[in-house]
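Below, each chain spelled out in residue letters.
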Amino acid sequence: MDELRFDAGRVCLDLLATAHPFERLDAVGPLGVWIRGCGLVPPGTPLAHADGTWPPAFRELRRDVGRLVHGWLVRGDAGGYDLALARVNDVARAAPPTPRAVRGEDGALVRALDGPPECAALLAAVARDAVELLTDPVVRAGLRQCAGDNCPIVYVDTSRGHRRRWCSSEVCGNRERVARHRRRAAALARG
C-alpha cells in the first residue's frame, strides 16, 4: 500500500488526499492508520471497536468536504454544494473526542482520550476542521490545488511569499522537475 499523505496542512484536506491516486479508506485497518497518522487520536490509542461502518462514513464526509473545498477553489457551485454544506454542519454538531492530560512513563504530561473514540466524534473533529478552514478568510485564501499533472490534492499554502505550487515538493515537484529535464534533453537531442 502506498503511503498515506499528511502534508496538506489540515486534517480535512488530508482526508481528501486519501482518494488519490486510489481509494485508501476501503477497510477499517487503513482508516485506523489514517486516524492515528493525522493526529485525530494520540499515538497508541486503541481502535479495536471500529467496525465496517466507519470507512463508508469517512468516505461520505470526504465527498462532502471535497465538494465544499472545490466549490471554494472554483468560486462556484461544484455540484451539491448546499447539501454538502448542510451535511458537514450536521456532522460537526457531535462532540469531538475529549482529550485529557495524563502522566506518561517519564512523568511528563501527554495527551490521552477520556474513552474510546466513537466514529461520530472523530467525524465531528474532521468536519469542524473543515468548517474552521472554510470560514477563516486568511487560511481559506491559502487554499491551492496542486499544479502537478493529474494531481487533485488540495493544500494550504503557508510558504513564504505564498508561491508553493505542488502538494509535495518530493512527490509532484520532483515529477515536474524530472519531466522538465526530459523535455530539455529531448529538445537538445533533436537539435
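Report follows, based on the coordinates. Values in this document were obtained by computation on a predicted structure and should not be read as measured data.

Counting residues in each nonpolar core, the largest one holds 45 residues, and the members touching the most others are Leu13, Trp34, Ile35, Leu40, Trp54, Phe58 and Val126. Among the elements of the structure, helix H1 (11-16), helix H2 (28-37), helix H3 (54-73), helix H4 (81-92), helix H5 (119-135) and strand S4 (154-156) are those that each provide at least two residues to this core. Among the elements that make up this core, the one with the highest residue count is H5 (eight residues).

A word on the packing of H2 against H3. To characterise two packed helices, one gives the angle between the axes of the helices and the distance between these axes. One way to put it is that H2 packs onto H3 with a least axis distance of 9 Å and a crossing angle of 55°. Classified by the interaxial angle, the pair formed by H2 and H3 is oblique. Note on packing geometry: the crossing formed by H2 with H3 is left-handed. Where H2 approaches H3, its residues Val28, Leu31, Trp34 and Ile35 are matched on the opposing element by Trp54, Pro55 and Phe58. Taken together, the residues of the contact of H2 with H3 break down into seven nonpolar, no polar and no charged.

Our focus in this paragraph is the packing of aromatic side chains. Aromatic rings considered in pairs are described by the distance between their centres and by the relative angle of their planes. Here the structure, examined in full by the defined rule, presents one aromatic pair. Between the aromatic rings of tryptophan 34 and phenylalanine 58, the centroid separation amounts to 6.1 Å while the plane-to-plane angle is 70°, which identifies the pairing as edge-to-face. Separated by 24 residues along the polypeptide, tryptophan 34 in helix H2 and phenylalanine 58 in helix H3 bring together distant segments of the chain. The exposure class assigned to phenylalanine 58 is buried, which follows from its relative accessible area of 0%. Positioned above the aromatic ring of tryptophan 72 is the side chain of arginine 75, whose terminal nitrogen or guanidinium carbon lies 3.9 Å from the ring centre. Seen from the ring of tyrosine 155, arginine 164 lies directly overhead, with NZ or CZ sitting 4.1 Å from the centre.

All right, on to the pattern of salt bridges then. Inspection of the entire model under this criterion finds nine salt bridges. A salt bridge links aspartate 64 to arginine 63, with the nearest nitrogen and oxygen atoms 3.6 Å apart. Relative accessible area serves as the criterion here: at 36%, arginine 63 is assigned to the partly exposed category. The salt bridge partner of arginine 144 is aspartate 157, with a shortest N-O separation of 3.9 Å. Taken together, the positions of arginine 144 in strand S3 (residues 143-145) and aspartate 157 in the loop between S4 and helix H7 (169-190) put the pair 13 residues apart, joining distant regions of the chain. Taking relative accessible area as the criterion, arginine 144 reaches 26% and is therefore assigned partly exposed. Assessed through its relative accessible area of 2%, aspartate 157 is described here as buried.

Tracing the sequence through the fold places valine 139 in helix H6 (residues 137-140). A C-alpha to C-alpha distance of 8.7 Å links valine 139 and threonine 158, two positions 19 residues apart in sequence. Filtering out sequence-adjacent residues up to four positions away, valine 139 remains in contact with Arg10, Leu133 and Val156.

On to the packing of H4 against H5. Look at H4 against H5: their axes get within 7 Å of each other, and the N-to-C directions meet at 125°. For the element pair H4 / H5, the angle class is oblique. Considering the relative orientation of H4 and H5, their crossing is left-handed. Counting all contacts with H4, which are made through Val88, Asn89, Val91 and Ala92, the residues of H5 involved are Leu123, Ala124, Ala127, Arg128, Ala130 and Val131. Across the contact of H4 with H5, the residue classes break down as eight nonpolar, one polar and one charged.

Turning to H4, a few remarks are in order. The first and last C-alpha atoms of H4 sit 16 Å apart over 12 residues, in line with the 16 Å expected at 1.5 Å per residue. If you check which residues of H4 are buried, you get Ala84, Val88 and Ala92. The arc that holds every buried residue of H4, seen down its axis, measures 70°, which confines them to one face. Buried-residue contacts for H4 involve H3 and H5.

Here is what the cut-offs are and how they apply
Residues numbered from 1 in each chain as written. Predicted model: local features only at pLDDT ≥ 70, side-chain atom pairs only at ≥ 80, totals over all residues. Heavy atoms only, no water. Core = buried A, V, L, I, M, F, W, Y, C linked by side-chain atoms within 4.5 Å. Buried < 20%, exposed > 50% of the residue type's maximum accessible area, 1.4 Å probe, protein only. Helix = DSSP H or I, 4+ residues; strand = E, 2+ residues; numbered from the N terminus. Axes fitted to C-alpha atoms, helices over the stretch in contact; angles between N-to-C directions. Parallel < 35°, antiparallel > 145°, perpendicular 65-115°, else oblique. Left-handed = near helix turned anticlockwise from the far one by under 90°. Contact = heavy atoms within 4.5 Å. Nonpolar A, V, L, I, M, F, W, Y, C, P; charged D, E, K, R; others polar. Phe/Tyr/Trp six-rings, centres within 6.5 Å; stacked < 30°, edge-to-face > 60°. Lys NZ or Arg CZ within 6 Å of the ring centre and 35° of its normal. Salt bridge = Lys/Arg side-chain N within 4 Å of Asp/Glu carboxyl O. Expected span 1.5 Å × (residues − 1). Arc of directions from axis to C-beta.

Nothing here speaks to function; it is geometry throughout.
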